Amino acid sequence: MKKAILILFLAVAPFCIAQENPIHSFSEKKDILWASPKGFDLTMDIYTPTTNKDSYPVLIIYHGGGWLINNKSIMDEMSKYLASHANYVICNVNYRLLTANNNTTNMNEIIEDAMGAVLWVKENIEAYKGNPNAIAITGDSAGGHLAAMVINGSDYLNASGFKGNSLGFNPTYIPKGENIETIKKNNALQVQAAVLSYPAVDIYAAAYGDGKNGFESPSNFFWEMGGAKARGIFGENTNVKENPDYYKKVSPIYTVPNANDRKLPPQFCHVGSKDNTTTPVSIKAYVDKLKEEGQPVDYWVYEGRNHAYLDSGTNEFLGNSFEKDAIEPLKKIISFLDNVFYKE
């Protein structure tokens, strides 16, 4: 099993941009520093189409990798494809992994990074021809989880984060002159659309596992791949059996608001029919939960595909390659976003 997982994540070949012919060119700004939580520098890449528009809607991307491996480079080909085939400013974002700061970063802090990126983009994106009032977010696998929690978690903002009497989120980046109260009052984390690509939706179930082989155990080889010792994702003194509320608060499936309380933006969820990591059953359960709460959502199953089909390069273990497998879902993503932002 360990060998299989190792192959899964090391078989990714260096990416190439041998995609369909681009419709237009784009400009690219790499490694823009946007925050340094606890001294850990976080960067993003920003791509702007060169189609002579004064302003574009914005798509923020969070990469996957089980919160333990990878960085924004795994989304390079996706970013370049969208920047050259659609009219969106693309922000490809790094966030802390659980292994950051000597393996002390907790899951709630990663969500706070994802939230902080939205606030930074809204404050700064006009310099890159982005419209701060037309924001979409997306991510695949662990990144899809983060995108979902940016949307759902804005109901649980507080300055104490997970250290206070209530469990909440304090975004990593807050614009100068603002605070958590003004962020809540102004609904500053609001976005206009989201695409969840085979997202992880139930951290509670993943941590619990079969009672001994959950996400936090050494049997999860991602910890070794990330160069860290397995541990509790909220620290050594918090565990899923005694503190289920911690795990449910960071799980999208337990945090969907009812539409009568807060209407969420339109969402597009998709997954491969052969995905054994974030299964179609789990994604359908989340889609059903959104519908049950009256939230707008589209759903698509990509027949014959496994996990991580949006990643750059080629993954021989999964049988995926960007050039072969990513183009069809990317066209569906563009169509979904265009229907939100360019519908006449």
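Just so it is clear, the structure is predicted and the values come from calculations on it, not from any experiment. Starting from 1, residues in each chain are numbered consecutively following that chain's sequence as written. In keeping with the predicted nature of the model, local features appear solely for residues at pLDDT of at least 70, side-chain atom pairs appear and are counted solely at 80 or more, and the whole-chain, interface and lining totals rest on all residues. In computing side-chain values, all of the structure's heavy atoms are included and hydrogens and water are not.

A.B. asks: Which parts of the structure should I look at to understand the confidence of the model for the protein chain?
C.D. replies: The predicted coordinates ought not to be read in detail in places where the model reports low pLDDT. Confidence along the protein chain averages 94 in pLDDT terms, with 94% of residues attaining 70 or more. Per-residue confidence from the prediction method is given by pLDDT, with values spanning 0 to 100. Contact between two residues is taken to exist if any of their heavy atoms lie within 4.5 Å; hydrogens are not considered. This stretch, residues 1-18, has a pLDDT under 50; its non-local contacts, to residues over four places away or in other chains, come to 35 contacts.

A.B. asks: Quick question: what am I supposed to make of the pattern of salt bridges here?
C.D. replies: Where charged atoms of side chains with opposite charge meet at close range, the side chains can pair. Salt bridges are defined by distance alone: a side-chain nitrogen of Lys or Arg within 4 Å of a carboxyl oxygen of Asp or Glu. A full pass over the atoms with the stated rule returns 14 salt bridges. It is possible to trace a salt-bridge network through shared partners that takes in Glu 28, Lys 30, Asp 31, Asp 45, Lys 72, Asp 76 and Lys 80.

A.B. asks: Can you help me understand the nonpolar core in this one?
C.D. replies: One broad rule of soluble globular proteins: the nonpolar side chains tend to lie buried together. We define the nonpolar core as a collection of buried residues of types Ala, Val, Leu, Ile, Met, Phe, Trp, Tyr and Cys that are connected through side-chain atoms lying within 4.5 Å of one another. A 1.4 Å probe rolled over the protein chains alone gives each residue an accessible area, and that area as a share of the maximum for its type sets the label: buried under 20%, exposed over 50%, partly exposed in between. In terms of nonpolar packing, the biggest core is built from 109 residues, with Ile 60, Tyr 62, Trp 67, Ile 137 and Leu 337 touching the most fellow members. Under the scheme used here, helices are H or I runs from DSSP no shorter than 4 residues and strands are E runs no shorter than 2 residues, and both carry numbers assigned from the N terminus. Element by element, the count of residues in this core is highest for helix α4 (residues 107-124), at 10 residues.

A.B. asks: What's the story with the side chain of His 145 in this structure? I'm lost.
C.D. replies: Considering the arrangement of structural elements, one finds His 145 in helix α5 (residues 142-152). Accessibility expressed as a relative area gives 0% for His 145, which makes it buried. Here a polar contact is recorded for every N or O atom pair within 3.5 Å, except that within protein the pair must consist of a potential hydrogen donor and a potential acceptor, and residues adjacent in sequence are included only if both atoms are side-chain atoms. A polar contact is formed between the side chain of His 145 and the backbone oxygen of Val 250, at a distance of 2.7 Å. What His 145 contacts, discounting residues up to four positions off in sequence, is Trp 67, Met 107, Ile 111, Pro 199, Ala 200, Ile 203, Val 250 and Pro 252.

A.B. asks: I'm lost on the packing of helix α2 (residues 76-85) against helix α11 (residues 322-341) in this one. Help?
C.D. replies: Each pair of packed helices can be described by the angle between their axes along with the distance between the axes. To obtain an axis, a line is fitted to C-alpha atoms, over the contacting stretch when the element is a helix, and the angle between two such axes runs from 0 to 180 degrees between their N-to-C directions. Their axes nearest at 11 Å, the elements α2 and α11 cross at an angle of 50°. It follows that α2 is oblique to α11 by the angle criterion. The handedness of the crossing between α2 and α11 comes out as right-handed. Contacts from Glu 77, Met 78, Tyr 81, Leu 82 and His 85 in α2 reach Phe 322, Ile 327, Leu 330, Lys 331 and Ile 334 in α11. For this classification, Asp, Glu, Lys and Arg are treated as charged, while Ala, Val, Leu, Ile, Met, Phe, Trp, Tyr, Cys and Pro are nonpolar and the rest, including Gly, are polar. By residue class, the composition of the contact of α2 with α11 is seven nonpolar, one polar and two charged. The labels follow the angle: roughly parallel below 35 degrees, roughly antiparallel above 145, roughly perpendicular from 65 to 115, and oblique for the rest. Crossing handedness follows the turn of the near helix against the far one: under a right angle anticlockwise gives a left-handed crossing, and clockwise gives a right-handed one.

A.B. asks: Explain the side chain of Ser 154 here, please?
C.D. replies: Counting through the fold element by element, Ser 154 comes out in the loop between α5 and α6 (180-185). Not counting chain neighbours up to four residues away, the residues in contact with Ser 154 comprise Met 115, Met 149, Leu 189 and Arg 262.

A.B. asks: Even after reading the chapter, I still don't get the packing of aromatic side chains, so can you show me in this structure?
C.D. replies: The geometry of an aromatic ring pair is captured by two quantities: the separation of the ring centres and the angle between the planes. The rule is short: rings of Phe, Tyr and Trp, with Trp giving its six-membered ring, pair when the centres are within 6.5 Å, and they are stacked under 30 degrees, edge-to-face over 60, tilted in between. Using the criterion set out here, one finds 16 aromatic pairs in the structure. Across from the ring centre of Trp 300, 4.9 Å away, lies the NZ or CZ of Lys 332, which sits over that ring. Lysine and arginine charges are scored as sitting over a ring when NZ or CZ, respectively, is within 6 Å of the ring centre and within 35 degrees of the ring normal.

A.B. asks: Just to check I follow, could you spell out the environment of Ser 219 for this structure?
C.D. replies: Tracing the sequence through the fold places Ser 219 in the loop between α7 (203-208) and α8 (222-225). Overall, the relative accessible area of 40% leaves Ser 219 in the partly exposed class. Along the backbone, Ser 219 and Ile 333 are 114 residues apart, and their C-alpha atoms lie at a distance of 35 Å. Within the local environment of Ser 219, its side chain forms a polar contact with the side chain of Ser 217, the two groups lying 2.5 Å apart.

A.B. asks: For this particular structure, what's the right way to read the sheet that holds strand β4 (residues 89-93)?
C.D. replies: Backbone-to-backbone hydrogen bonds join strands into a sheet, with any given pair of strands oriented parallel or antiparallel. Any two strands with at least two DSSP bridges between them are considered paired. On the basis of which strands lie adjacent, the open sheet formed by eight strands has the order β1-β2-β4-β3-β5-β6-β7-β8 and mixed pairing. Each edge of the sheet is formed by a strand with only one pairing partner; in this case those strands are β1 (26-35) and β8 (297-302). Put simply, the sheet's adjacent strands are angled 20° from each other on average, direction ignored. Relative to β8, strand β7 (residues 267-272) runs parallel, the two being bridged by six bridges. What sits directly across from Gln 267, in β8, is Val 297.

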